[in-house]
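A structural walkthrough
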Amino acid sequence: RALQRARRRRGTLDLDLAEQQVILDDANHVRAILPRARFDSHRLIEEFMIAANVAAAETLERSGYPCLYRVHDKPDAARVEALRTFLRELEIPVSSGQLAQPKHFTQLLERVADTPFATMINELVLRSQAQAVYSEENRGHFGLGLKRYAHFTSPIRRYSDLLVHRSLIAALRLGDGALRPDDGARFAEAGEHLSMTERRAAAAERDALDRFVAGFLSERVGEQLAGRIVGVTRFGLFVKLEDTGADGLVPISSLPDDYYDHDEKLHALRGRRRGRVYRLGDEVEVRLAAADRITGGIVLDLLGGRDDKTSGRRGRPPSRPSRRRNRARG
């Protein structure tokens, strides 16, 4: 509770986005896709890790030794403005000064927590943020509301943490394994490389999850499912399914007969002739048209669409178009 109070005083960005957990049986077949549980014990360890990371960065700064910082810049002004424009469409007015600090985003999320738009706005706030990177230059961590921050707590999975450990060993004269005198000069290059490999690893993780989910759903082709539009592009709609959290694509060619304009600012597809509008956050009923366990692609038909009578067909194995996901990782 003390750590949470300190976090609130600092004014951090606290997103509420459920992670998917794949449950396998003894034969390694997917038995269920469930939201990953998050307990107070998880939050406690997370706060301890943040405190350790801050202490590591402060110690290296005081000692004058190289530090590979974990940097999270302020969000781009154009992205924040796009978010404000969309919120106005939902009749959630937010002035420009109300999204200047991380606590302002958290206050917005608290305002919408009990509305049907909560999950969608959490996703949009995430997309509006800059991507966290590794850098030898300290620019602070916007999301955590911290002036200095370095990854220190997970050397088993992150090489960045190991570099910080080696620098601390040198700074505190702790013995073997210290940073060599010329290693600090390579921190800039290391930061760029590690930021790239982190993005690559995150993409591999997403791809693996997509394949597990598509394999699980491949036996349910033809079923009617509930979902919500979580992405709008010029080539169609991304819909998150309610029961599994899986994302599937409704191709624009399968929408009711019309010519659709993509309104990027308002995250919508608008039909020119019939006036149909499909917007981010809309609840929809879909039918699972295809799920390919190899590509991880899931194709959906919007019920009531042009091809509704034949939408139970399997069709070609779907590819998986890329939907940009900007992860502001800690």
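Report on the accompanying structure. (Residues numbered from 1 in each chain as written. Predicted model: local features only at pLDDT ≥ 70, side-chain atom pairs only at ≥ 80, totals over all residues. Heavy atoms only, no water.)

What follows deals with the overall build of the chain. Along its length, the chain carries 7 helices and 12 strands. By its C-alpha atoms, the chain is 75 × 55 × 35 Å across when sized along the principal axes. Counting only residues that meet the buried cut, the chain has 43% of its 330 residues in that class. Of the contacts made within the chain by residues no fewer than 6 positions apart, 63% connect residues no fewer than 24 positions apart. A total accessible area of about 18,400 Å² is found for the chain, and carbon and sulfur atoms account for 49% of it. Across the chain, the centroid of the 56 positively charged side chains sits 2 Å from that of the 47 negatively charged ones. (Helix = DSSP H or I, 4+ residues; strand = E, 2+ residues; numbered from the N terminus. Buried < 20%, exposed > 50% of the residue type's maximum accessible area, 1.4 Å probe, protein only. Contact = heavy atoms within 4.5 Å. Areas by Shrake-Rupley, 256 points an atom, 1.4 Å probe, with all protein chains shown as cover. Lys, Arg positive; Asp, Glu negative; His and termini not counted. Charge placed at Lys NZ, Arg CZ, Asp CG, Glu CD.)

This part takes up the packing of aromatic side chains. Per the stated rule, a full pass over the model turns up 3 aromatic pairs. Their ring planes at 80 degrees and their centres at 6.3 Å tell us that Phe 105 and Phe 142 sit as a pair that is edge-to-face. Placement of the pair is Phe 105 in helix α4 (residues 102-111) and Phe 142 in the loop between β4 (133-135) and α6 (159-171), with a sequence separation of 37 residues. Residue Phe 105 shares its accessibility class with Phe 142, and that shared class is buried. For the pair Phe 235 and Phe 238, a centre-to-centre distance of 6.2 Å together with 80 degrees between the ring planes defines the contact as edge-to-face. The positively charged end of Arg 70 is found above the aromatic ring belonging to Tyr 134, 4.6 Å away from the centroid. (Phe/Tyr/Trp six-rings, centres within 6.5 Å; stacked < 30°, edge-to-face > 60°. Lys NZ or Arg CZ within 6 Å of the ring centre and 35° of its normal.)

The next subject is the nonpolar core. One finds Leu 108, Ile 121, Val 286 and Ile 298 to be the most contacted residues of the largest nonpolar core, which totals 43 residues. Apart from the residues lying within four places of it in its own chain, the contact partners of Val 286 are Glu 223, Gln 224, Leu 225, Val 239, Leu 241, Val 250, Leu 300, Asp 301, Leu 302 and Leu 303. Grouped together as the second largest cluster of nonpolar side chains are 18 residues, Cys 67, Leu 68, Ala 150 and Leu 194 included. (Core = buried A, V, L, I, M, F, W, Y, C linked by side-chain atoms within 4.5 Å.)

Now for the pattern of salt bridges. Per the stated rule, a full pass over the model turns up 22 salt bridges. Across the pair Glu 89 and Arg 279 runs a salt bridge, and its minimum N-O distance is 3.9 Å. Of this pair, Glu 89 sits in helix α3 (residues 77-89) while Arg 279 sits in strand β10 (residues 277-279); the two residues are 190 residues apart in sequence, bridging distant segments of the chain. Because the salt bridges share partners, they merge into one network encompassing Arg 180, Asp 182, Asp 183 and Arg 186. (Salt bridge = Lys/Arg side-chain N within 4 Å of Asp/Glu carboxyl O.)

Here we come to the pairing of strand β8 (residues 260-263). Every regular strand shows the same layout, with side chains that alternate between the two sheet faces. Bridge analysis of β8 against strand β9 (residues 268-271) gives 4 bridges, and the strand direction is antiparallel. What sits directly across from Tyr 260, in β9, is Gly 271. The hairpin turn running from β8 into β9, its antiparallel successor, is 4 residues long, and His 267 in that turn takes a positive phi close to 55 degrees. (Pairing = 2+ DSSP bridges.)

Here we take up a nonpolar patch on the surface. Together, Leu 3, Leu 44, Ile 45, Phe 48 and Met 49 give the surface a local cluster of nonpolar side chains, amounting to about 410 Å² of exposed area. At 4 residues, the largest contribution of residues to the nonpolar patch is made by helix α2 (residues 40-63). Inspection of the secondary structure assignment puts Met 49 in helix α2. In this structure Met 49 comes out as partly exposed when scored by relative accessible area, which is 30%. (Patch = residues over 30% accessible without salt bridge, like charges linked within 9 Å, V, L, I, M, F, W, Y side chains within 5 Å.)

The next point concerns the packing of α6 against helix α7 (residues 187-217). Geometry of a packed helix pair, given as the angle between the helix axes and the separation of the axes. One way to put it is that α6 packs onto α7 with a least axis distance of 10 Å and a crossing angle of 155 degrees. Classified by the interaxial angle, the pair formed by α6 and α7 is roughly antiparallel. Every residue of α7 that contacts α6 at Tyr 159, Ser 160 and Leu 163 is listed here: Phe 187, Ala 190 and Leu 194. Looking at the contact of α6 with α7 residue by residue, the classes come out as 5 nonpolar, 1 polar and no charged. (Axes fitted to C-alpha atoms, helices over the stretch in contact; angles between N-to-C directions. Parallel < 35°, antiparallel > 145°, perpendicular 65-115°, else oblique. Nonpolar A, V, L, I, M, F, W, Y, C, P; charged D, E, K, R; others polar.)

For strand β12 (residues 298-302), a buried count of 5 out of 5 residues is recorded, marking the element as mostly surrounded by other parts of the structure. Residues Ile 298, Leu 300 and Leu 302 line one face of β12 and the alternating positions Val 299 and Asp 301 line the opposite face, and both faces are buried.

The topology assignment puts Ser 135 in strand β4. The exposure class assigned to Ser 135 is buried, which follows from its relative accessible area of 7%. In terms of polar contacts, Ser 135 uses its side chain to reach the backbone amide nitrogen of Glu 137, at 3.0 Å. Among all residues touching Ser 135, those that are not within four sequence positions of it are Cys 67, Leu 68, Tyr 69 and Val 71. (Polar contact = N/O pair within 3.5 Å; in protein donor to acceptor, adjacent residues only side chain to side chain.)

Below, the discussion takes up α7. Helix length check: α7, at 31 residues, gives a terminal C-alpha distance of 44 Å against a target of 45 Å (1.5 Å per residue), a fit within 8%. Among all positions of α7, only Phe 187, Ala 190, Gly 191, Leu 194, Ser 195, Thr 197, Ala 202, Asp 210, Val 213, Ala 214, Gly 215 and Leu 217 are buried. (Expected span 1.5 Å × (residues − 1).)

Attention now moves to a positive patch on the surface. Where like charges cluster on the molecular surface, the positive patch consists of Arg 1, Arg 5, Arg 8 and Arg 9. Within the fold, Arg 5 resides in helix α1 (residues 2-10). Here Arg 5 falls in the partly exposed class, since its relative accessible area comes to 44%.

With that settled, consider the environment of Leu 90. Take Leu 90: it is sitting in the loop between α3 and α4. Distance in space between the C-alpha atoms of Leu 90 and Phe 117 is 8.8 Å, their sequence separation being 27 residues. The residues touching Leu 90, leaving out its near neighbours within four places in the chain, are Phe 117, Met 120, Ile 121 and Arg 279.

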